[in-house]
Amino acid sequence: MRKKVAMTGNIAVANAMRQINPDVCAAYPITPSTEIMQQFATFKSNGKVDTELVTVESEHSAMSACIGAAAAGGRVMTATSANGLALMWEMLYIASGNRVPIVMTVVNRALSAPINIHADHSDSMGARDSGWIQIYCENAQETYDSLIQATRISEAKNVRLPVMVCMDGFIISHSIENIELFEDEEVKRFIGEYIPLYPLLDTKNPVTYGPLDLQDYYSEHKRQQDEAMFHAGDVILRTGEAFEKFSGRGYGYFETHCMEDAEIAVLALGSAAGTVRTVVNELRGKGVMAGSIKLRVFRPFPAKELADAISHLKALAVLDRCDSFGAFGGPVFSEVRSCLYDRPVRPHVTSYIYGLGGRDLGLDKVQEVFNDLKRIVDTGHVDKLATFLTVRE
Amino acid sequence: MSLSELKGWKNIPIGGVINDAGNSEKYETGSWRTFRPVWDPGKCIHCLQCWIYCPDSAIQVADGKITGINLYHCKGCGLCATECPDKVKAIKMVEEASFE
């Protein structure tokens, strides 16, 4: 029997990990993701998982151990946040470059300095070019569901890439929600048995990981990674469909709300999507043709599908929970705007930086954004391309 | 080998994995060499110090005696010439350009 249980986002993640029952977890604690491994360690000490739990001396070592275990042929998971992810930087590229499947929960938190432990996307957005698949989740249920899907996506034969499943620190990681937990057996069946490619422990077929790769072959291996990301797009959709049959909850690249006839819309990632949806519903009640898009998959970036869903708009605002200092708007904005460039008809697109270091995004602030969009549609003119939304002047 | 003769991205293992154990034998590291070891069989006492130290296993030996140096793998590091005992000095490093 599936059960609905009240739990925090972190505990939901730990339960997904318990049900996935990976061969190896190597992790180092960092707020706000600490509770995940704390709970998982409890599962381990109570005999609920068979996992080899490796407690290491840093996040750099955590990711190194994960890579080694994955190359050995194990199913591997870990979790981190903010500066922990930053300390893994070098190894992130080595994980994706070696093409080893690893599923990591990133509990999004602002990067220091100044030191801050609360939610923003500066950690994972900085890793957007590291060759990892990135899935952003709105709530704890989505995070739990996405981790189960991520295991299949990461291990798909034509993908073999590591996956980050991201959720907003504290807002999701520490809030209690009703989560539908699958039965352990159901999860086991959905993820299937892992068949590793080139496992180091297969001593009858010895292989070398990470050899020198110079001008003669490096480009070819990077081209393969690009191809794997291309296939990941398809695998993510197929896995989302299979998951819908299994759970009743469907998942794609993004989720639209009131978009068919919308003239203005706001796009956001993660927990802010719910706030935006609430404002859209209020505006619809007043006859405003508003809509919203929650972007779930940022890597691979669903350029064509997203452009199809938004090109009919008159104006679109993209909310970024981090800045790309010196660029002309946030990282999500830049890619969303770019994917529209070749469309003969396309909306005005503006950038809003919001919620840094856990600053709350109120309904009034989202309302301001929609007011700006209405003004752009009325005047046909964009006054300000990039705006800091939740900041004191 | 020119780049166009090498395999394309669709025909090589992913992730730079080498799945053919021991294939470093086929890799010509000799092209990196700027100094070539020249071995004098008349001076050599076959103590095998060079064979022990050579990082490329390029010192060829048969029946406990040195028979020559494999220039396909020798990178020209000069360890063999250094390790050859002072009273013997049967290996000299000679600039590669002088052989052209």
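Attention in this report is confined to the structure presented alongside it. (Residues numbered from 1 in each chain as written. Chains lettered and ligands numbered in written order. Predicted model: local features only at pLDDT ≥ 70, side-chain atom pairs only at ≥ 80, totals over all residues. Heavy atoms only, no water.)

**A short note on the overall build of chain A**
Put simply, the rule reads: Labels follow the DSSP assignment, with helices taken as runs of H or I lasting at least four residues and strands as runs of E lasting at least two, numbered in each case from the N terminus. Atoms considered for the radius of gyration are the C-alpha atoms alone. The globule rule reads 2.2 Å times the number of residues to the power 0.38. Partly exposed describes any residue whose relative accessible area lies between the buried limit of under 20% and the exposed limit of over 50%, with all areas from a 1.4 Å probe on protein chains only and scaled to the type maximum. The contact definition used throughout considers only heavy atoms, calling two residues in contact when any of these lie within 4.5 Å. Using a 1.4 Å probe, the Shrake-Rupley method yields the accessible areas, and only the shown protein chains count as cover for residues. Positive charge is attributed to Lys and Arg, negative charge to Asp and Glu, and no charge count is given to His or to the chain ends. A charged residue contributes its charge at one atom only: NZ of Lys, CZ of Arg, CG of Asp or CD of Glu.
On a plain count of helices and strands, chain A comes out with 13 helices and 15 strands. Relative to the globule expectation of 21 Å for 393 residues, the C-alpha radius of gyration of chain A, 21 Å, shows essentially globular dimensions. With the principal axes as the frame, chain A shows a C-alpha extent of 70 × 55 × 45 Å. A buried classification covers 56% of the 393 residues belonging to chain A. The contacts of chain A with a sequence gap of at least 6 include a subset with a gap of at least 24, amounting to 81%. Put simply, chain A shows about 16,300 Å² of open surface, and 52% of that area lies on carbon and sulfur atoms. Taken as two groups, the 39 positive and 49 negative side-chain charges of chain A have centres that lie 3 Å from each other.

**Topic: the interface of chain B and chain A**
We count it as follows: The term buried area refers to how much accessible surface (probe radius 1.4 Å) is lost by two components on association, counted for both of them together. For salt bridges, the criterion is a side-chain nitrogen of Lys or Arg within 4 Å of an Asp or Glu carboxyl oxygen.
Facing 15 residues of chain B, the contacting portion of chain A comprises 19 residues. Around 1,700 Å² of area is buried between chain B and chain A when both sides are counted, 68% of it from carbon and sulfur atoms. Its largest share of buried area at the contact with chain A, chain B owes to Trp9(B), Ile14(B) and Val17(B), together 39% of the area lost on that side. The tally of links between chain B and chain A comes to 0 salt bridges.

**Digging into the state of the cysteines**
Residues and elements named next belong to chain B. The line we're drawing: Put simply, a disulfide is two cysteine sulfurs that come within 2.5 Å.
Per the stated rule, a full pass over the model turns up 0 disulfides over all chains. Here cysteine 47 is not cross-linked by a disulfide; its sulfur's nearest cysteine counterpart is in cysteine 84, at 6.1 Å. Take cysteine 47: its relative accessible area is 34%, and that puts it in the partly exposed class. Distance from the sulfur of cysteine 50, which forms no disulfide, to the nearest cysteine sulfur (cysteine 44) is 6.3 Å. Take cysteine 50: its relative accessible area is 9%, and that puts it in the buried class.

**Thoughts on the environment of Met88(A)**
Residue and element names in this part refer to chain A. Along the chain, methionine 88 falls in the loop between helix 4 (82–87) and helix 5 (89–97). Classification of methionine 88 by relative accessible area gives buried; the value is 0%. Here the alpha-carbon distance between methionine 88 and alanine 127, two residues 39 residues apart in the chain, equals 9.9 Å. Excluding its chain neighbours within four sequence positions, the residues that come into contact with methionine 88 are Glu59, Ala62, Met63, Thr80 and Met104.

Remember, this is a structural readout, not a statement about activity or role.
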